[in-house]
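# Remarks on the overall topology
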Amino acid sequence: MSGIDDLPPLREVIAAHGLSAKKSLGQNFLLDLNLTSKIARTAGDLTGADVLEVGPGPGGLTRGLLASGARRVVAVEKDARCLPALAEVAAAYPGRLEVLNEDALALDPLAHLTPPIKVVANLPYNVGTELLVRWLTSESWPPYWQSLTLMFQREVAERIVAQPGSKTYGRLAVLAQWRTEARIAMQLPPGAFTPPPKVSSAVVHLTALPAPRFEADAKVLQEVVARAFNQRRKMLRAALRRLGPDIEDRLKDAGITPTQRAEEIGLEQFCALARAVATRTS
Ligand code: SAM
C-alpha cells in the first residue's frame, strides 16, 4: 500500500521490474506519490477530463492522476521495459488507463483521447521543448487540449514565463504567451527525482486562451521569432536579413526600429511583424 492507492510503493515497483534509469531517455523518476498527486492537482479538476501523459515511466505521476479522479489517462511511453509496471496500474483502475508504447513525437492524440483533454507530464528533457513548441504552434486554435501541466528544467520554465528585456526572454516566451496564460506552479529540487538531475526543475501550467492575444500565422511567427532570437545580440535588420531584402520596411511597418534587438520587442510587435512578413509573401 502506498498512501494514495493499493499498489506497491514505487521503489518496490522499480526493483521488481528492473527499471534502472536510462539517461538516453531522460529518465528521472518521481517516487513520492504525495508529490505526484500534488502535481496532478495543479492541472485542476480532472474528473470530467481525459489526460494525455507523456512518458509515464514506472507510473508515479500516472497514479497521481488516476487517484485525483481523471476520467481517463492515455499514457505514451517509449521504453517497453515500463509496460508491465504500467499494466499493474491499469488493472488497479479498470477502464481508465490506456498505455501506448510509442514515441510521443509520432502520436495522433485524437485517435485516443476525447475532449476535454488536459496534458500532464514529467517530460523527458530531450523532447520536452520540441513537444511544447508543437503544442503551441498548431495550425488551428483553440487546440485539442485545454491546458498543459509540464515539468521542465527550471531554466526552461523561466524562459516560458519571461518578459521582454530579461535574459531569459526568447522564442518560448513569445510562443507560450501568444496563445496561453502561463505560470510557474511549483519548484522542485534535484533531490525530488531518482536519480537526481544536475539542475532544479519546475512545473509550468499553461491554459489555452480561447483565441491568440494578437493575430498572426503560427508558422510565420515561429520563423520570425526563431531567427530573431538565434542571433539575439544582433540588430533585427541583420538577424532577420534572410526573411527578405525588404525586411527593414517590414520592421518599420510593424512599428519596430530596425536597429532594435529581439529582446526589446514585445509580443504585440512580434505579431505585427509576422503579419507584415506574411502580407508581403502571400
Ligand atoms: N513520469 C515518470 C515520473 O514522473 O517518474 C517518468 C518521467 S521521466 C523524466 C521521462 C519518461 O519519458 C521516461 O519514462 C522515458 O522513457 C519517457 N520518454 C522519453 N522519450 C520519450 C518519447 N519520445 N516518447 C514517449 N516517452 C518518452
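Here, the structure is the one placed above.
This text gives an overview of the structure that appears in the document. All values reported here derive from a predicted model rather than from experimental measurement.

Tallying secondary structure elements over the chain gives 11 helices and nine strands in all. Taken along the three principal axes of its C-alpha coordinates, the chain extends 65 × 35 × 25 Å. Put simply, the chain has 282 residues, and 50% of those count as buried. A sequence separation of at least 24 residues applies to 69% of the contacts in the chain between residues at least 6 apart. Surface exposure of the chain reaches about 12,700 Å², of which carbon and sulfur atoms provide 51%. Side chains of the chain give 34 positive and 29 negative charges; the mean places of these two sets differ by 7 Å.

One can find Pro116 in the loop between strand S4 (97–100) and strand S5 (117–122). For the pair Pro116 and Leu46, spaced 70 residues apart in the sequence, the C-alpha separation amounts to 9.5 Å. Setting aside residues no more than four positions away along its own chain, Pro116 makes contact with Gly48, Ala49, Asp50, Arg71 and Gln146.

With that settled, the discussion passes to the nonpolar core. The tendency in soluble globular proteins is for nonpolar side chains to be buried side by side. Core analysis: the biggest nonpolar cluster contains 62 residues, and Leu132, Trp135, Leu150, Phe152, Ile160, Leu221 and Phe270 have the highest contact counts within it. One finds Leu30, Val51, Leu61 and Val203 within the second-largest nonpolar core, a separate group that totals 24 residues.

Before going further, it helps to spend a moment on the pairing of strand S2 (residues 50–54). Every regular strand shows the same layout, with side chains that alternate between the two sheet faces. Across the five residues of S2, five count as buried, placing the element largely inside the fold. Judged by which residues are buried, S2 turns out to be covered on both faces: Asp50, Leu52 and Val54 on one side and Val51 and Glu53 on the other are all buried. Direction of pairing for S2 relative to strand S3 (residues 72–76): parallel, over a ladder of five bridges. When the bridges of S3 are listed, Asp50 appears paired with Arg72. Examined bridge by bridge, S2 and S5 share three bridges and lie parallel to one another. In the sheet register, Leu52 faces S5, and the bridge partner there is Val119.

At their nearest, the axes of helix H2 (residues 33–42) and helix H3 (residues 60–67) sit 8 Å apart, and the two run at 60 degrees to each other. As the angle between them shows, H2 and H3 are arranged oblique. Crossing handedness for the pair H2 and H3: right-handed. Counting all contacts with H2, which are made through Leu33, Thr36, Ser37, Ile39 and Ala40, the residues of H3 involved are Gly60, Leu61, Arg63, Gly64 and Leu65. Across the contact of H2 with H3, the residue classes tally to five nonpolar, four polar and one charged.

Taken across its six residues, S5 has six buried, putting it largely inside the fold. Of the two faces of S5, both are covered, the one formed by Ile117, Val119 and Ala121 as well as the one formed by Lys118, Val120 and Asn122.

Surveying the vicinity of the ligand reveals 20 residues, the closest of which are Leu30, Gly55, Glu77, Asp103 and Asn122. Here an oxygen atom of the ligand and a side-chain polar atom of Glu77 are 2.6 Å apart. Separating a nitrogen atom of the ligand from a side-chain N or O atom of Asp103 is a distance of 2.8 Å. Out of a free accessible area of 590 Å², the ligand has 99% covered by protein chains. Tallied by class, the residues present in the shell around the ligand amount to eight nonpolar, six polar and six charged.

Turning our attention to helix H5 (residues 125–136). Between its first and last C-alpha, H5 extends 17 Å over 12 residues, near the 16 Å set by a 1.5 Å rise per residue. Among the residues of H5, those classed as buried are Val127, Gly128, Leu131, Leu132, Val133, Trp135 and Leu136.

Once that is clear, we can look at the side chain of Asp50. Summarising the element assignment, Asp50 is placed in strand S2. Residue classification places Asp50 among the buried residues on the basis of a relative accessible area of 1%. Within polar-contact distance, the side chain of Asp50 engages the side chain of Arg72 at 3.0 Å. Polar side-chain contacts of Asp50 include one of 2.8 Å to the backbone nitrogen of Thr114. Excluding residues within four positions of it along the chain, Asp50 makes contact with Arg71, Arg72, Leu113, Thr114, Pro116, Ile117 and Lys118.

Running from N to C, H5 and helix H7 (residues 171–179) point in directions that differ by 35 degrees, and their axes come no closer than 10 Å. In terms of crossing hand, the pair formed by H5 and H7 is left-handed. Judged by residue contacts, Thr129, Leu132, Val133 and Leu136 of H5 engage Arg171, Leu172, Leu175, Ala176, Trp178 and Arg179 from H7.

Parameters at a glance
- Residues numbered from 1 in each chain as written.
- Predicted model: local features only at pLDDT ≥ 70, side-chain atom pairs only at ≥ 80, totals over all residues.
- Heavy atoms only, no water.
- Helix = DSSP H or I, 4+ residues; strand = E, 2+ residues; numbered from the N terminus.
- Buried < 20%, exposed > 50% of the residue type's maximum accessible area, 1.4 Å probe, protein only.
- Contact = heavy atoms within 4.5 Å.
- Areas by Shrake-Rupley, 256 points an atom, 1.4 Å probe, with all protein chains shown as cover.
- Lys, Arg positive; Asp, Glu negative; His and termini not counted.
- Charge placed at Lys NZ, Arg CZ, Asp CG, Glu CD.
- Core = buried A, V, L, I, M, F, W, Y, C linked by side-chain atoms within 4.5 Å.
- Pairing = 2+ DSSP bridges.
- Axes fitted to C-alpha atoms, helices over the stretch in contact; angles between N-to-C directions.
- Parallel < 35°, antiparallel > 145°, perpendicular 65-115°, else oblique.
- Left-handed = near helix turned anticlockwise from the far one by under 90°.
- Nonpolar A, V, L, I, M, F, W, Y, C, P; charged D, E, K, R; others polar.
- Near = heavy atom within 4 Å.
- Polar contact = N/O pair within 3.5 Å; in protein donor to acceptor, adjacent residues only side chain to side chain.
- Expected span 1.5 Å × (residues − 1).

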